Amino acid sequence: MKLTIQRHQKGKSYEETFDVASLKVTTLLAALYEIKAKMDESLTFDAGCRSGVCGACALRVNGRETLACSYTPHDGDRIEPLNYHPVQRDLKVDKEKPQETLKRVLPTTIQNPKSKIQNPPLSSEDEAKFRVQTDCILCDSCYSACPVLAVNPDFLGPFALTRAWRYHTDPRYIEEVPNDSIQHLTSKIQNPVLLDTVQQNGIWDCTLCGECTAVCPQQIDPKSDIMQLRGESLKAGYSDPTLSTPSFGTPDFGGGFGFDPNAGF
Ligand code: SF4
Ligand code: SF4
Ligand code: FES
């Protein structure tokens, strides 16, 4: 069995194919450890728990995000680092920027220091509302799979928006702000700061393609969480900016579409 790995070493990027037929290979992560031990000790990758819990070993196989410790390799597989993450070396990436998106959606400590998370009691019904979202292991697979990040690096991204929905549904999360302190709100609503935070470069920028949901190893559904946040935002008085009515301009047809009738084709 041969595995091709995208290498990044000393400022150079190149592909290298390793024949691992003679090695003890169970998972892809085991194969990487074997290659490092017996073929090339410079091979660099990230790993921790080796059991699908820590999220450290996420990478791409044949263009699809997966956890190396959960994946059974096949002959001809092509292994690459996650998208949209600076590569430190080989398959090891810097996750700092993507994971800083969490700070942007946690108003408790950043935008709104007066907010707080109250202690239990929490009913089992309440806990069930965000049990799945709480299982996020911050592997960044969904972030890597999201096509919006290719065109908008400031997009909050799927796991941060899932985190926002997780807090929005948690009855212990209390925002202590005057309700009229946020523009556009039409009625008294829960968590106005949090909802306001996800409007720009957030829920409306998502194309609802579902790639994030497809790759999540924890069966979290960020697409659905984003749709729920959209519904809450509409109730609060926000609107979908992509549905704003276009101006058809004046009768010369040169108005709202920016169409110049004198321009050549
Ligand atoms: S559903 Fe939205 S957040 Fe998820 S991958 Fe697609 S564009 Fe990105
Ligand atoms: S939502 Fe899923 S894919 Fe995204 S970081 Fe969390 S565990 Fe990973
Ligand atoms: S090593 Fe922890 S999830 Fe793979």
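Residues numbered from 1 in each chain as written. Chains lettered and ligands numbered in written order. Predicted model: local features only at pLDDT ≥ 70, side-chain atom pairs only at ≥ 80, totals over all residues.

Taken together, 17 residues sit near ligand 2, with Cys-136, Cys-139, Cys-142, Phe-159 and Cys-216 positioned nearest. Residue assignment for the shell around ligand 2 shows that the elements contributing at least two residues are helix H5 (141-145) and helix H7 (158-168). Among the elements that line the shell around ligand 2, the one with the most residues is H7, at 3 residues. The residue makeup of the shell around ligand 2, split by class, is 12 nonpolar, 4 polar and 1 charged. (Near = placed C-beta within 6 Å. Helix = DSSP H or I, 4+ residues; strand = E, 2+ residues; numbered from the N terminus. Nonpolar A, V, L, I, M, F, W, Y, C, P; charged D, E, K, R; others polar.)

Time to look at the site of ligand 1. Near ligand 1 lie 15 residues; those nearest to it are Cys-146, Cys-206, Cys-209, Glu-211 and Cys-212. For the shell around ligand 1, the leading source of residues is helix H11 (residues 222-236), giving 3 residues. Of the residues belonging to the shell around ligand 1, the class tally is 11 nonpolar, 2 polar and 2 charged.

So, on to the sheet that holds strand S4 (residues 64-67). In spatial order, the strands read S2-S1-S5-S3-S4; together these 5 strands make up an open sheet with mixed pairing. One side of each edge strand has no neighbouring strand; the edge strands of this open sheet are strand S2 (12-19) and S4. On average, each strand axis in the sheet is inclined to that of its neighbour by 35°, with strand direction left out of account. Pairing analysis gives 2 bridges linking strand S3 (residues 58-61) to strand S5 (residues 78-80), with the strands arranged antiparallel. Note on S5: the bridge partner recorded for Arg-60 is Glu-80. (Pairing = 2+ DSSP bridges. Axes fitted to C-alpha atoms, helices over the stretch in contact; angles between N-to-C directions.)

With that settled, the discussion passes to unusual backbone geometry. With a phi close to 50°, Asp-90 is a non-glycine residue in the positive phi region. Within the secondary structure, Asp-90 sits in the loop between strand S6 (87-89) and strand S7 (92-93). The phi angle at Asn-201 is positive, at roughly 55°, despite the residue not being glycine. Residue placement: Asn-201 occurs in helix H9 (residues 199-203). We classify Asn-201 as partly exposed; it has 17 C-beta atoms within 10 Å. (Buried ≥ 20, exposed ≤ 12 C-beta atoms within 10 Å, placed from the backbone.)

Turning next to the packing of H7 against H11. For the pair H7 and H11, interaxial distance at closest approach is 9 Å and the crossing angle is 55°. When the axes of H7 and H11 are compared, the pair comes out oblique. Like other packed secondary-structure pairs, H7 and H11 cross with a definite hand, here left-handed. Where H7 approaches H11, its residues Pro-158, Phe-159, Leu-161, Thr-162, Ala-164, Trp-165 and His-168 are matched on the opposing element by Pro-222, Asp-225, Ile-226, Gln-228, Leu-229 and Glu-232. Looking at the contact of H7 with H11 residue by residue, the class counts come to 8 nonpolar, 3 polar and 2 charged. (Parallel < 35°, antiparallel > 145°, perpendicular 65-115°, else oblique. Left-handed = near helix turned anticlockwise from the far one by under 90°. Contact = placed C-beta atoms within 7 Å.)

Before going further, it helps to spend a moment on the confidence of the model for the chain. Chain-level statistics for the chain give a pLDDT mean of 86 and a share of 82% at 70 or above. This model gives residues 247-265 a pLDDT under 50, and the stretch forms 16 contacts once residues within four places in sequence are excluded. (pLDDT = per-residue confidence, 0-100.)

This part is about the environment of Asp-196. In this structure, Asp-196 sits in helix H8 (residues 192-197). For the pair Asp-196 and Tyr-238, spaced 42 residues apart in sequence, the C-alpha to C-alpha distance is 8.8 Å.

On to the environment of His-8. By the secondary structure assignment, His-8 is in strand S1 (residues 2-9). For His-8, a count of 19 C-beta atoms within 10 Å gives the class partly exposed. Between the alpha carbons of His-8 and Lys-92 there is a distance of 9.3 Å; along the sequence they are 84 residues apart. Apart from the residues lying within four places of it in its own chain, the contact partners of His-8 are Ser-13, Val-87, Arg-89 and Asp-90.

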